[in-house]
Amino acid sequence: MTAQTPFPAASLLGYPRIGRRRELKKAVEAYWAGKIDAAALDATAKEIQLGSARRLVELGLDEPAAVPGTFSYYDQVLDAAAHLGAIPARFGNLLTDEGVLDIDGYFTLARGSREQQPLEMTKWFDTNYHYLVPEIGPETDFRLTSSRVVEEFQYALANGIETRPYLVGPVTFLLLSKASDDAPAGFQPLSRLEDVLPVYVELLGKLAAAGARWVQLDEPALVVDQDIPAEQLDAAVTRAYEVLTAAVERPQILVSTPYGSLDGQLGALAASNIEALHVDVFKGAVPSEAALAALGSKTLVAGVVDGHNIWRNDLAASAAVLDALKGSAARVTVSTSTSTQHVPHDVAEETKLSEQLKSWLAFADQKAVEVKTLASYLADPAAAQAAIDEASAVIASRATAEGVRREEVRARTAALTAADFSRSDYAVREAAQEAALQLPALPTTTIGSFPQTSEIRSARARNIKGELNDAQYEQLMKDEIKRVVDLQEELGYDVLVHGEPERNDMVQYFAENLEGFDVTVHGWVQSYGSRCTRPSILWGDVTRSAPITVAWAEYAQSLTEKPMKGMLTGPVTILAWSFVRDDQPLGETANQVALALRDEITDLEAAGIKVVQVDEPALRELLPLRKADQPAYLKWSVDSFRLATAGAQDATQIHTHLCYSEFGVIIDAIDGLDADVTSIEAARSRMEVVHDLESHGFGRGVGPGVYDIHSPRVPGEAEVTELLSTAVKHVPSRQLWVNPDCGLKTRGYEETEASLRNLVEAAKAVREEIGASV
């Protein structure tokens with residue numbers, strides 16, 4: 001093992017990797033489009049990595065290994081699969097003649113090919129980040145097929161900065177994987193632990209040889225209630241770190257456990273020979289004195305600064321936690337609760353937020369300073385007192401600031417009764433909707449958005465700059481809406497959408513039109529791959545002062561005799577995809593948003609809209625990781641959706657949409673939403689969800705997606721027909737809708753039109769197959 005070096009007093013678990021101006025997104029997409037070569041892509045990646053490392057050193061993280069080496073071209077779980085050779089057989093041989101998975105093979109796993117769908121995607125714990133799901137079976141040939149983590153460390157070291165290499169840990173990697181297509185029934189990827197550990201050992205040896213003194217192995221799966229016996233999980237953790245710490249040549253090992261309380265596996269890690277253990281004591285519980293004593297000489301890395309949200313740290317409260325920890329642990333250092341990849345780079349770059357609001361916030365750079373301040377507190381409390389006092393004063397001022405509390409909003413939520421959360425029985429609504437809509441069997445629709453072309457984005461930017469007046473901008477948006485409506489009419493769709501060209505983002509659009517929110521200019525965070533979003537900031541009580549979507553929906557409906565959906569984003573998703581105030585329960589905030597949406601639905605109905613979709617793709621994202629905490633969340637989240645929609649008339653068909661989650665886990669909650677039609681991701685997981693729907697006896701309309709829009713590939717008519725035929729075998733055809741997995745915003749028109757045409761033709765084929773009326 002390399003020489004013992006103390007773990008740095010201040011560090012982060014991870015840092016944003018997309019670049020301060022989304023340079024990585026732009027370079028990766030340029031590479032996919034053939035506009036730059038691999039060398040240019042690599043040069044951009046190196047510039048981002050080195051720039052991030054230098055910035056953290058500048059902010060005070062200047063000890064060896066304080067800067068985390070968490071860069072990724074696409075996804076950290078995909079990175080682990082790439083290093084370990086976990087390449088599904090269905091992709092054939094993506095390795096080069098040298099046995100390496102190169103960048104093109106890496107992106108093939110992420111995006112698919114003409115012949116193969118990409119790896120499935122699902123949410124990363126309780127965040128808005130999504131990871132690619134490895135496929136593991138008895139046939140998986142684990143071997144070292146990439147050394148990129150070593151090369152990235154060497155590059156930083158050659159430029160004067162000793163980083164801390166990062167890998168998803170072996171237990172988490174296998175727990176996050178799914179059984180491959182070739183695996184036998186009941187196969188558990190965790191059963192391959194003994195086979196994957198030698199590859200980790202080999203990689204640790206290469207890192208040690210390159211000069212790495214510390215490595216971070218990320219094990220967040222240990223803070224989740226797993227569906228395997230506790231003793232099996234304990235045994236896996238014990239065995240994994242027995243093997244890894246016994247490696248002759250290796251860096252010192254930090255095991256990080258972000259996103260919640262470590263609980264059960266704390267003992268197994270304390271008994272291991274790792275050198276440092278990170279625990280999330282911001283969101284998770286502070287370990288007991290006995291648990292801390294069991295760590296022995298290990299360094300306890302305390303995650304006291306929230307890496308997941310943007311509010312300024314209560315330094316006084318964090319200092320008190322550190323005081324409690326240092327009395328029981330041999331050595332305590334300071335870090336974030338999670339990687340700061342979930343927050344933007346720097347508050348200082350936000351020139352359009354008020355100074356008051358900015359003073360309440362801490363983005364990644366400010367969190368690095370907070371970590372450094374708390375580390376200085378551990379060394380000398382007096383040295384940090386001024387910063388602690390300043391933070392306390394700012395937090396106190398926030399509580400009384402104008403708009404944080406609105407008494408008229410609070411009076412309305414306080415007056416709610418049980419009747420405000422319920423509609424008529426579904427049978428009554430179904431009959432009214434059949435009479436009003438007159439739809440065929442297997443009705444076709446899309447989820448909402450259509451491609452956001454460069455022309456649309458340019459028009460929006462010119463309007464913001466004043467180069468295009470509001471009337472001109474509105475006419476351009478109307479022209480695009482007419483194009484979308486005409487295309488759907490030509491393709492033969494049954495329930496249409498207006499395409500949402502006027503919306504920059506499905507949450508930000510509402511945030512810009514609701515009081516209690518603000519939006520950023522440069523506050524980008526990674527959602528998955530090259531997909532980035534700018535979460536809005538929900539800081540005060542929420543209210544709607546005027547209709548938001550009605551004029552656009554009314555115009556779109558005027559262009560067609562077919563039903564036009566009104567398109568809203570649901571209260572849970574607005575919360576999940578925003579940075580939400582942390583000074584009151586989420587359920588209270590959700591109800592405020594729900595009432596604003598309820599008013600919007602009433603206005604849409606008055607404008608003649610008969611179908612309203614209230615999207616909740618993030619319903620699963622906020623689900624607590626511990627099962628004991630889940631019922632309370634599901635209660636308020638489902639109630640907020642019902643509050644938003646329960647004012648609708650019986651003849652108004654309420655749709656909702658969910659995507660990229662393990663739906664079986666929350667099928668009762670999905671049913672509890674009481675939507676008339678629910679569209680769900682299903683293409684990338686190859687219709688797995690229909691089994692959950694069948695076993696549950698789901699009784700209302702449902703549209704398991706048949707077109708994976710997160711990949712550029714165009715599914716053929718035969719492929720879509722096969723997916724629909726599978727769905728019909730498990731869900732009554734009278735309930736089935738035909739739709740893509742998600743909105744089409746990120747796709748181009750050529751692929752979109754081809755895919756949607758195949759979808760309609762497949763629906764016709766299956767209607768004939770089941771003898772239903774076209």
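As the structure is a computational prediction, the values presented were derived from the model and not from experiment.

## Some words on the UniProt feature "domain: Cobalamin-independent methionine synthase MetE N-terminal" (unreviewed entry) in the chain
Within this structure's numbering, the places UniProt gives as "domain: Cobalamin-independent methionine synthase MetE N-terminal" (unreviewed entry) are residues 11-328. Split by type, residues 11-328 is 38% helix and 13% strand. Its first and last C-alpha atoms lie 21 Å apart.

## Notes on the packing of helix α11 (residues 315-326) against helix α14 (residues 381-399)
Orientation of α11 relative to α14, taken along the N-to-C sense of each, is 130°, at an axis distance of 8 Å. Between α11 and α14, the crossing angle belongs to the class labelled oblique. Taking contact as the criterion, the partners of L315, A316 and A319 in α11 are, on α14, A387, I388, A391 and S392. Along the lines of polarity and charge, the residues of the contact of α11 with α14 split into six nonpolar, one polar and no charged.

## Structural notes on the UniProt feature "binding site: 5-methyltetrahydropteroyltri-L-glutamate" (unreviewed entry) in the chain
When the UniProt feature table is mapped to this numbering, "binding site: 5-methyltetrahydropteroyltri-L-glutamate" (unreviewed entry) covers R22, E23, L24, K25, K123, N128, R531, C532, W577 and E621. Taken along the chain, the residues just named run across 600 residues; in space they spread out, the farthest C-alpha pair reaching 27.0 Å. Of the annotated set, the members that line the largest cavity are N128, R531, W577 and E621. Tracing the backbone shows E23 in helix α1 (residues 23-32). Not counting the four nearest positions on each side in its chain, E23 is found in contact with I18, T44 and I48. From its side chain, E23 meets the backbone nitrogen of R20 in a polar contact 3.1 Å long. Following the sequence through the fold, R531 ends up in strand β14 (residues 531-533). Judged by its relative accessible area of 23%, R531 falls in the partly exposed class. Residues in contact with R531, not counting those within four places in the same chain, are V525, Q526, K745 and T746.

## Regarding the environment of M477
If you trace the backbone, M477 turns up in helix α18 (residues 470-491). The spatial distance from the C-alpha of M477 to the C-alpha of A459 is 8.7 Å, given a sequence separation of 18 residues. Filtering out sequence-adjacent residues up to four positions away, M477 remains in contact with I456, A459, P501, E502 and W552.

## Details of the sheet that holds strand β19 (residues 653-658)
Each strand in a sheet pairs with another by means of backbone hydrogen bonds, the pair being arranged parallel or else antiparallel. The five strands are arranged β16-β18-β19-β20-β21 in an open sheet whose pairing can be described as parallel. Of all the strands in the sheet, the pair left with one neighbour each is β16 (565-569) and β21 (701-704). Averaged over all neighbouring strand pairs, the angle between strand axes comes to 20°, with direction disregarded. Inspection of the sheet shows strand β18 (residues 611-615) paired to β19 by three bridges, in the parallel sense.

## Quick look at empty space enclosed by the protein
Enumeration over the complete set of coordinates arrives at nine cavities of 30 Å³ or more. Counted as a void, the largest cavity has a volume near 560 Å³. In terms of lining, the largest cavity is formed by 34 residues, of which the most central are M506, R531, W577, C742 and G743. Secondary-structure elements contributing two or more residues to the lining of the largest cavity are β13 (525-528), β14 and β16. Here the lining of the largest cavity takes three residues from β16, the largest share from any one element. Its residues assigned to classes, the lining of the largest cavity shows 14 nonpolar, twelve polar and eight charged. Roughly 240 Å³ of volume is contained in the second largest cavity. Along the walls of the second largest cavity sit 21 residues, with Q49, P68, G69, T70 and F71 positioned nearest its centre. Broken down by secondary-structure element, the contributors of at least two residues to the lining of the second largest cavity are α2 (38-58), β1 (67-69), α5 (148-158) and β5 (163-168). Residue composition of the lining of the second largest cavity, grouped by class: 14 nonpolar, five polar and two charged.

Cut-offs used in this document
- Residues numbered from 1 in each chain as written.
- Predicted model: local features only at pLDDT ≥ 70, side-chain atom pairs only at ≥ 80, totals over all residues.
- Heavy atoms only, no water.
- UniProt positions renumbered as here; feature names shortened; annotations may be inferred.
- Helix = DSSP H or I, 4+ residues; strand = E, 2+ residues; numbered from the N terminus.
- Axes fitted to C-alpha atoms, helices over the stretch in contact; angles between N-to-C directions.
- Parallel < 35°, antiparallel > 145°, perpendicular 65-115°, else oblique.
- Contact = heavy atoms within 4.5 Å.
- Nonpolar A, V, L, I, M, F, W, Y, C, P; charged D, E, K, R; others polar.
- 1 Å grid on protein atoms, 1.4 Å probe; cavity = no way out; pocket = protein on both sides within 12 Å on 5 of 7 lines; lining within 4 Å.
- Polar contact = N/O pair within 3.5 Å; in protein donor to acceptor, adjacent residues only side chain to side chain.
- Buried < 20%, exposed > 50% of the residue type's maximum accessible area, 1.4 Å probe, protein only.
- Pairing = 2+ DSSP bridges.
- Points joined across faces, edges and corners; volume = space filled by probe spheres on them.

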